[in-house]
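For reference, the chains in residue letters:
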Amino acid sequence: SQSLPYAPVPNQRRHAYRHRLFVNELSQALFEFVGQLLPTAQELVVKEDVRKLLERLIRTIEPESRLLSFGSTANGFNLRNSDMDLCCLIDSDERLSASDLVVMLGDLLERETKFRVKPLPHARIPIVKLSLDPSPGFPSGIACDIGFENRLALENTRLLMCYAMIDPPRVRTFVLFLKVWSKRRKINSPYQGTLSSYGYVLLVIYFLVHVKNPPVLPNLQQIPPLRPVSKEDTHINGYNTWFFDDIELLCQSWRSSNTETVAELLIDFFRYYSRDFAYSTGVASIRAGLLKKESKGWQNDLSSSKFNDSRERNRFCIEDPFETDFNVARCVTREGLYQIRGEFMRASRILAMRPRALVALSQLCEE
Ligand code: CTP
Ligand code: MG
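All values derive from a computational prediction rather than experimental measurement.

How each quantity is defined
- Residues numbered from 1 in each chain as written.
- Chains lettered and ligands numbered in written order.
- Predicted model: local features only at pLDDT ≥ 70, side-chain atom pairs only at ≥ 80, totals over all residues.
- Heavy atoms only, no water.
- Domains from an automatic or database assignment.
- Contact = heavy atoms within 4.5 Å.
- Buried area = accessible area lost by both parts, 1.4 Å probe.
- Salt bridge = Lys/Arg side-chain N within 4 Å of Asp/Glu carboxyl O.
- Polar contact = N/O pair within 3.5 Å; in protein donor to acceptor, adjacent residues only side chain to side chain.
- Nonpolar A, V, L, I, M, F, W, Y, C, P; charged D, E, K, R; others polar.
- Core = buried A, V, L, I, M, F, W, Y, C linked by side-chain atoms within 4.5 Å.
- Buried < 20%, exposed > 50% of the residue type's maximum accessible area, 1.4 Å probe, protein only.
- Helix = DSSP H or I, 4+ residues; strand = E, 2+ residues; numbered from the N terminus.
- Pairing = 2+ DSSP bridges.

Notes on the domain arrangement of the protein
Part 1 of the reasoning: What the domain assignment reports for the protein is domain 1 (41-150) and domain 2 (167-217 + 256-364).
Part 2 of the reasoning: Taken over C-alpha atoms, the centre of domain 1 sits 29 Å from the centre of domain 2.
Part 3 of the reasoning: Of the residues lining the interface, six residues belong to domain 1; the matching set on domain 2 comes to nine residues.
Part 4 of the reasoning: Counting each side, the surface lost to burial between domain 1 and domain 2 is near 650 Å², with a carbon and sulfur contribution of 69%.
Part 5 of the reasoning: Inspection of the region where domain 1 meets domain 2 yields zero salt bridges.
Part 6 of the reasoning: Seen at the junction of domain 1 and domain 2, the total is two residue pairs in polar contact (both at pLDDT 80 or more).
Part 7 of the reasoning: In the side of domain 1 that touches domain 2, the residues fall into two nonpolar, three polar and one charged.

And the structure:
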């Protein structure tokens with residue numbers, strides 16, 4: 001028989017080569033895709049102007065107050081036209097209660113601004129909701145929540161920002177894509193039984209710190225401090241909020257030995273949350289790794305009706321990094337979890353077919 005003029009490529013190597021082409025192309029496409037969805041410089045300026053304006057107004061009620069950004073506007077995970085999360089801190093001992101402030105601020109903003117104003121003084125965390133309809137100046141309008149004294153949220157925002165800064169190309173791209181995907185697939189709404197953006201970000205960080213081996217990110221809450229820290233400096237409302245935040249120093253001494261591309265990480269993420277994560281018994285904790293629901297008293301005991309309520313609240317468990325008795329996924333219902341897991345599976349299926357990158361992205365994010 002005639003011999004081939006070249007050595008045949010073994011099947012396995014051809015497979016590996018095709019896979020490499022696919023993930024490289026997909027990674028590039030992911031960078032470009034999220035790049036187009038970042039806020040414009042003008043949007044950031046407008047939002048900062050709005051923050052300053054609101055701060056000036058609030059100071060007419062509480063002169064010692066500061067209005068700070070948290071959430072996506074402050075943690076590096078903001079998409080175009082995302083809403084603004086603002087927190088009012090009052091540096092004085094005799095201040096009004098949060099619900100009184102919400103009522104007063106609501107009245108003031110109604111009088112002095114063009115925002116549509118909705119004060120929610122009796123919410124678990126009292127807030128004032130503001131919105132502005134789309135106009136030529138703000139084509140997609142503005143939505144903004146103002147809360148009071150939510151220092152834990154300011155700290156968890158800083159923690160997420162530090163994680164984003166350690167490896168921006170992979171971590172930011174990953175998180176931003178997941179946020180777009182979860183919004184377009186309609187599984188990003190805690191009021192309808194699915195998960196908040198904050199919950200999805202924690203799932204990504206949990207995966208990069210505790211599931212990937214070698215890890216893509218270190219555990220910032222477990223790196224020992226360089227000098228002794230006192231309890232007063234690190235605790236807020238009784239919760240330990242310490243974490244290693246000297247990212248410049250960290251980047252000099254720590255580098256992940258995980259070299260996977262963002263596409264490989266994403267494929268693995270969807271696989272992990274489709275079939276490997278222990279939804280019925282496990283708690284995802286970025287602070288401590290995989291925990292057991294029982295160890296936190298978050299079990300969903302089906303045999304007892306007295307746990308009815310806790311069962312509904314603990315279908316899916318994600319521990320808040322600081323407020324460790326708070327389940328960030330408590331709003332996720334049975335149907336919501338079914339939907340979320342269905343979407344993880346759907347994404348896995350699409351990616352397993354290895355379509356061209358642009359096709360993959362448009363299928364993944366199909367509305
Ligand atoms: N937050 C919290 N506990 C929750 C939900 C939210 O402490 N259960 C705080 C976090 O500080 C979070 C911020 O509220 O960063 C905003 O949450 P969310 O709107 O879910 O996340 P964003 O990153 O702002 O996402 P989006 O751009 O979709 O608004
Ligand atoms: Mg937000």
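The discussion continues.
Here's the deal with the nonpolar core
Part 1 of the reasoning: Counting residues in hydrophobic clusters, the biggest one holds 78 residues, and the most contacted among them are F177, W181, L220, F269, Y273, F316 and F344.
Part 2 of the reasoning: Among the secondary structure elements, those contributing two or more residues to this core are α1 (11-35), α5 (151-166), α6 (168-184), α7 (197-211), α9 (247-253), α10 (262-276), α13 (334-352) and α14 (357-364).
Part 3 of the reasoning: The biggest single contributor to this core is α7, with ten residues.
Part 4 of the reasoning: Each residue touching W181, except ones within four places of it in the same chain, is listed here: I187, F270, E343, F344, A347, L364 and C365.
Part 5 of the reasoning: In this structure, L86, F115, I146 and F148 belong to the second largest nonpolar core, which totals 23 residues.

Description of the sheet that holds strand β8 (residues 282-285)
In a beta sheet, neighbouring strands pair by backbone hydrogen bonds and run either parallel or antiparallel.
Part 1 of the reasoning: Read across the open sheet, the three strands follow the order β9-β8-β10; overall the sheet is mixed. At either end of the open sheet lies a strand with only one pairing partner, and these are β9 (289-292) and β10 (318-319).
Part 2 of the reasoning: Note that β8 and β9 share four bridges and pair antiparallel. Opposite G282, over in β9, you have K292 as the bridge partner.

Looking at the pairing of strand β2 (residues 84-90)
Part 1 of the reasoning: Most of β2 sits out of view: seven of its seven residues are buried.
Part 2 of the reasoning: Of the two faces of β2, the one holding M84, L86, C88 and I90 and the one holding D85, C87 and L89 are both buried throughout.
Part 3 of the reasoning: Examined bridge by bridge, strand β1 (residues 65-70) and β2 share six bridges and lie antiparallel to one another. Note on β2: the bridge partner recorded for L67 is C88.

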